[in-house]
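Structural overview for review
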Amino acid sequence: MIDATELHQLLHRHFGFHEFLEGQEPVIDAVVNGQDALVIMPTGGGKSLCYQLPAMLLDGITVVVSPLIALMKDQVDGMVEKKIPATFINSSLGQAEMDDRIARMKRGEYRLVYVAPERFKSPRFVQALAPLSIALFAIDEAHCISQWGHDFRPDYLRLKWALKDLGQPQVAALTATATPEVRDDIIEQLALGKFGRKPPQVFVSGFARHNLTLAVTHTANKAEKLERVFEAIRTLKTGIVYCATRKNVEKVHAHLAERRAQAIYYHGGMTEEQRTKAQDKFMGGQCPVAVATNAFGMGVDRADLRFVIHYDIPGSVEAYYQEAGRAGRDGEPARCELLFNYADVRTQEFFIEGANPTREIIAGLHQALLRLCKRGPIEMPMSEIAEHVKAAKNDMAVGSALYLLERAGFITRDYRQGSRTYTTRLVEPAKSLEDLAIDFERLDAKRTRDEAKLRRMIDYADQRGCRHAFILNYFGDEEAADRCNVCDNCGGAPTPKRRAAAKREKVEAVSVSEPVQVSADDQKLLLQKALSCVARMDGRFGLGRVTLVLVGSRSKEVFDSQLERLSTYGLLKEFGYDFTLELLRRLVAAGCIEVTGVEYPQASLSDLGREVLLAMKPLDIELPPVEKRKSTARRSTEAVATVPEAPYDARLFDALRQWRRKVADGMGVPAFLIYPDATLKELARHKPQTEEALLEVRGIGPAKARQFGMETLTVIRSVP
Ligand code: ADP
């Protein structure tokens, strides 16, 4: 057993850190005590230390599987600099060098060995490792093992066999993105806690990013979206605009270029050289803005991004948060804004259809290929093959089906130098669809899951409660609080549009401060009011719109459809938005309301709902709580509480506050993210006159000083 003091000493001695980051210590404790661990922390959360530090203590080699070959050398160099004996093995090495490193592993010269996953394809390599004493097998980016994940890599599936060949050593699997099903899949695929190893422990931490203002802007058209992008570039300067398609990337980039906004663009359709050039320009700071698809990701670690805008809705909350989370890596305030329009959902549905072909499409393609390839191989582009498949409306789905049929051994596809397209040929004797090992059930299940993920992402966009809480709950991070202060729904600094909307929608801001106490009769009435509104809205709208009507919202969404004319308009006004929406959700869960459709969800009454409405059946459900609004000043008062209240210059404090307000409004972030009150008081107390003196003030680090230092000093000098 190793105690906490020793761990801290090691942390300091080898890594130069004084404290563990949130969540690291319990993981390290479990790992050094021999437990398998699944570690879920966001990018930048400090996952590496969770195996690097144990590697110093465990008896034997720690093998680290990492798909990021490009970063491996840097990681290893970093270790060697810290005097930790480490090396890497990947395809960039020649055979002689590889053999040499394996020989040195055998001699016990390394504690840490980074290995690319495809190395485990080679039986020779696995055999070479087998006799070594492997203490820990750390698997980075472990979600790549799950076919439910967004980044599945077949090479990762090999790892379980490698583990078997290596005598089932202890495993630590690490990832930044894992929904519950991916998490379960990782545990199952890697057999964590099996084969005599200690039961696995799952750690989720660090998803809270208090410096990020999360916001969603409902946009009616492209012009509105572009305005938001320009606004962000004007006020926040540096960031990424993510688009769902290559076409949108190029369009948005062209608009920016037209208005002389400097930006690079990046997507998978560019040559590798073009991509590297664009990425280097952005990462090197020569260009402040990148417009990109999700291909722009791995290795983007520019820390000073002040915004990430999603021009189109992404396919899942984890994809969204991973991309949005690239903002504000320096800990300074940043804005993550999703520009949302229901019509954009169609693009994601198209991707889901494309990635998950139905049985009908696969069968159609099977038939078509039997016909087309009867007389020998064909050289035909996918779009042309798709024309022979009746059920196919989406070429991408035919592409995915071709891949499935190839993997199942029905066809082979080769790309000949100089040829325009693939050559497709049947594998003789041609098998019937039934004889091919295609798991249709699994395919259907995956499609359903992808749709559910998209549905959750739409929920995020529609969400009226705290966006941070939504995300933390989604990831299962226990830090989830119900109100954050820094999202648009909890009082993050308003955009001009939000200010106008807030004025229009005073009703939504109604905050009910007492818990609802209702008699059985009142409860019945309450449920009937809610259900009758669903009935009146005729199955044409989703729960969000029903809620707006019930609380008597004066929003455009209501007036445009003349819903204020309904007799149920404003019936639950006194209960507020959150309560009413939650009540409707509980009625969905109780089977009284049915919601159908992904793109345009529509709520309608079920038979049970109709019976409850007509008082033909009783319904006993628990009403949602109506919570007191928490003080929006919570975080700043916490910060103040840590500073002893010594005298300070009140005039300077006021001047600093006014300046802070202006800056915060300009950036669209809450004021306390610029400087908390405690820092302003410190400034008003010590009145630093130079940049070095500023750095002495608690709450001001180098990044802050760089961003606001000059202005802060100017304000201080302006108050004599
Ligand atoms: P992840 O793998 O989760 O993306 P890393 O392991 O690369 O994150 O760590 C992110 C950054 O945090 C690195 O720069 C690392 O040096 C730093 N870091 C890790 N642990 C600590 C710590 N205890 N104290 C200070 N910095 C840390």
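Cut-offs and rules
- Residues numbered from 1 in each chain as written.
- Predicted model: local features only at pLDDT ≥ 70, side-chain atom pairs only at ≥ 80, totals over all residues.
- Heavy atoms only, no water.
- Helix = DSSP H or I, 4+ residues; strand = E, 2+ residues; numbered from the N terminus.
- Expected span 1.5 Å × (residues − 1).
- Buried < 20%, exposed > 50% of the residue type's maximum accessible area, 1.4 Å probe, protein only.
- Arc of directions from axis to C-beta.
- Contact = heavy atoms within 4.5 Å.
- Axes fitted to C-alpha atoms, helices over the stretch in contact; angles between N-to-C directions.
- Parallel < 35°, antiparallel > 145°, perpendicular 65-115°, else oblique.
- Left-handed = near helix turned anticlockwise from the far one by under 90°.
- Nonpolar A, V, L, I, M, F, W, Y, C, P; charged D, E, K, R; others polar.
- Phe/Tyr/Trp six-rings, centres within 6.5 Å; stacked < 30°, edge-to-face > 60°.
- Lys NZ or Arg CZ within 6 Å of the ring centre and 35° of its normal.
- Patch = residues over 30% accessible without salt bridge, like charges linked within 9 Å, V, L, I, M, F, W, Y side chains within 5 Å.
- Areas by Shrake-Rupley, 256 points an atom, 1.4 Å probe, with all protein chains shown as cover.
- Salt bridge = Lys/Arg side-chain N within 4 Å of Asp/Glu carboxyl O.
- Lys, Arg positive; Asp, Glu negative; His and termini not counted.
- Charge placed at Lys NZ, Arg CZ, Asp CG, Glu CD.
- Domains from an automatic or database assignment.
- Core = buried A, V, L, I, M, F, W, Y, C linked by side-chain atoms within 4.5 Å.
- Near = heavy atom within 4 Å.
- Polar contact = N/O pair within 3.5 Å; in protein donor to acceptor, adjacent residues only side chain to side chain.

A word on helix H12 (residues 272–283). In this model H12 runs 16 Å from its N-terminal to its C-terminal C-alpha over twelve residues, within 8% of the 16 Å that 1.5 Å per residue would give. Ala 278, Gln 279 and Phe 282 are the residues of H12 that are buried. An end-on view of H12 places all buried positions within 95° of arc, on one side of the element. Along H12, the residues that are exposed and aim more than 90 degrees away from the buried face are Glu 273 and Lys 277. For H12, the elements touching its buried residues are strand S9 (239–242), strand S10 (264–266) and strand S11 (289–292). Of the residues flanking the end of H12, it is Gly 285, one or two places downstream, whose phi is positive at about 85°.

On to the packing of helix H13 (residues 317–324) against helix H19 (residues 467–475). At a minimum axis separation of 11 Å, H13 and H19 run at an interaxial angle of 120°. Comparing the axis directions of H13 and H19 gives the class oblique. As H13 packs across H19, the resulting crossing turns out to be left-handed. Contacts from Val 317, Glu 318 and Tyr 321 of H13 reach H19 at Phe 470, Ile 471, Tyr 474 and Phe 475. Here the residues of the contact of H13 with H19 sort into six nonpolar, no polar and one charged.

Once that is clear, we can look at the packing of aromatic side chains. Summed over the entire model, instances satisfying the criterion amount to 17 aromatic pairs. Ring geometry for Trp 659 against Phe 708: centres 6.2 Å apart, planes inclined by 85°, an arrangement best described as edge-to-face. Taken together, the residues span a long stretch of sequence, with Trp 659 in helix H27 (residues 650–667) and Phe 708 in helix H30 (residues 702–718) at a distance of 49 residues. The same class applies to Trp 659 as to Phe 708, namely buried. Positioned above the aromatic ring of Phe 282 is the side chain of Arg 302, whose terminal nitrogen or guanidinium carbon lies 5.0 Å from the ring centre. Over the face of the ring belonging to Tyr 422 we find Arg 413, whose NZ or CZ atom lies 4.5 Å from the ring centre.

Let us now look at a positive patch on the surface. A contiguous patch of positive charge on the surface is contributed by Arg 371, Lys 374, Arg 375 and Lys 390. Among the structural elements, Lys 390 can be located in the loop between helix H16 (382–387) and helix H17 (395–407).

What follows concerns the domain arrangement of the protein chain. What the domain assignment reports for the protein chain is domain 1 (4–204), domain 2 (212–340 + 463–488), domain 3 (350–445), domain 4 (498–613) and domain 5 (650–718). Using only C-alpha atoms to locate each centre, domain 1 and domain 3 end up separated by 38 Å.

Going through the model one piece at a time under the given rule, you end up with 33 salt bridges. A salt bridge links Asp 155 to Lys 121, with the shortest nitrogen-to-oxygen separation between them at 4.0 Å. With Asp 155 in helix H7 (residues 154–157) and Lys 121 in the loop between strand S4 (112–115) and helix H6 (123–129), this pair connects stretches of sequence that are 34 residues apart. We note a salt bridge from Arg 610 to Asp 607, for which the minimum N-O separation is 3.0 Å. With a gap of three residues between them, Arg 610 and Asp 607 both fall in helix H25 (residues 607–613), about one helical turn apart. Put simply, Arg 104, Arg 107 and Glu 109 are held in one network by salt bridges that share partners.

Moving on, we come to unusual backbone geometry. For the bond from Glu 428 to Pro 429, the omega torsion is -10°, close enough to zero to count as cis. For Pro 429, the position within the fold is in the loop between strand S16 (422–426) and helix H18 (440–462). One non-glycine residue, Gln 168, adopts positive backbone phi at about 50°. Structurally, the position occupied by Gln 168 is in the loop between helix H8 (159–165) and strand S6 (170–175).

Before going further, it helps to spend a moment on the nonpolar core. What tends to happen in soluble globular proteins is that the nonpolar side chains get buried as a cluster. Core analysis: the biggest nonpolar cluster contains 85 residues, and Phe 120, Phe 137 and Leu 190 have the highest contact counts within it. The element contributing the most residues to this core is H19, with six residues. Built from parts of two domains, this core gets at least three residues from each of domain 1 (4–204) and domain 2 (212–340 + 463–488). Among residues more than four places away in sequence, those in contact with Phe 137 are Val 63, Val 65, Phe 120, Leu 159, Leu 163, Leu 166, Pro 169, Gln 170, Val 171 and Ala 172. Within the second largest apolar cluster, 42 residues are counted, among which are Val 241, Ala 261, Leu 656 and Ala 671.

Neighbouring the ligand are the residues Phe 17, Glu 19, Phe 20, Leu 21, Gln 24, Pro 42, Thr 43, Gly 44, Gly 45, Gly 46, Lys 47 and Ser 48. A distance of 2.8 Å separates a nitrogen atom of the ligand from a polar backbone atom of Glu 19. In the model, a nitrogen atom of the ligand is placed 3.0 Å from a nitrogen or oxygen of the Gln 24 side chain. Taken by itself the ligand offers 560 Å² of open surface, and the protein chains cover 64% of this. Partitioning the shell around the ligand into residue classes produces four nonpolar, six polar and two charged.

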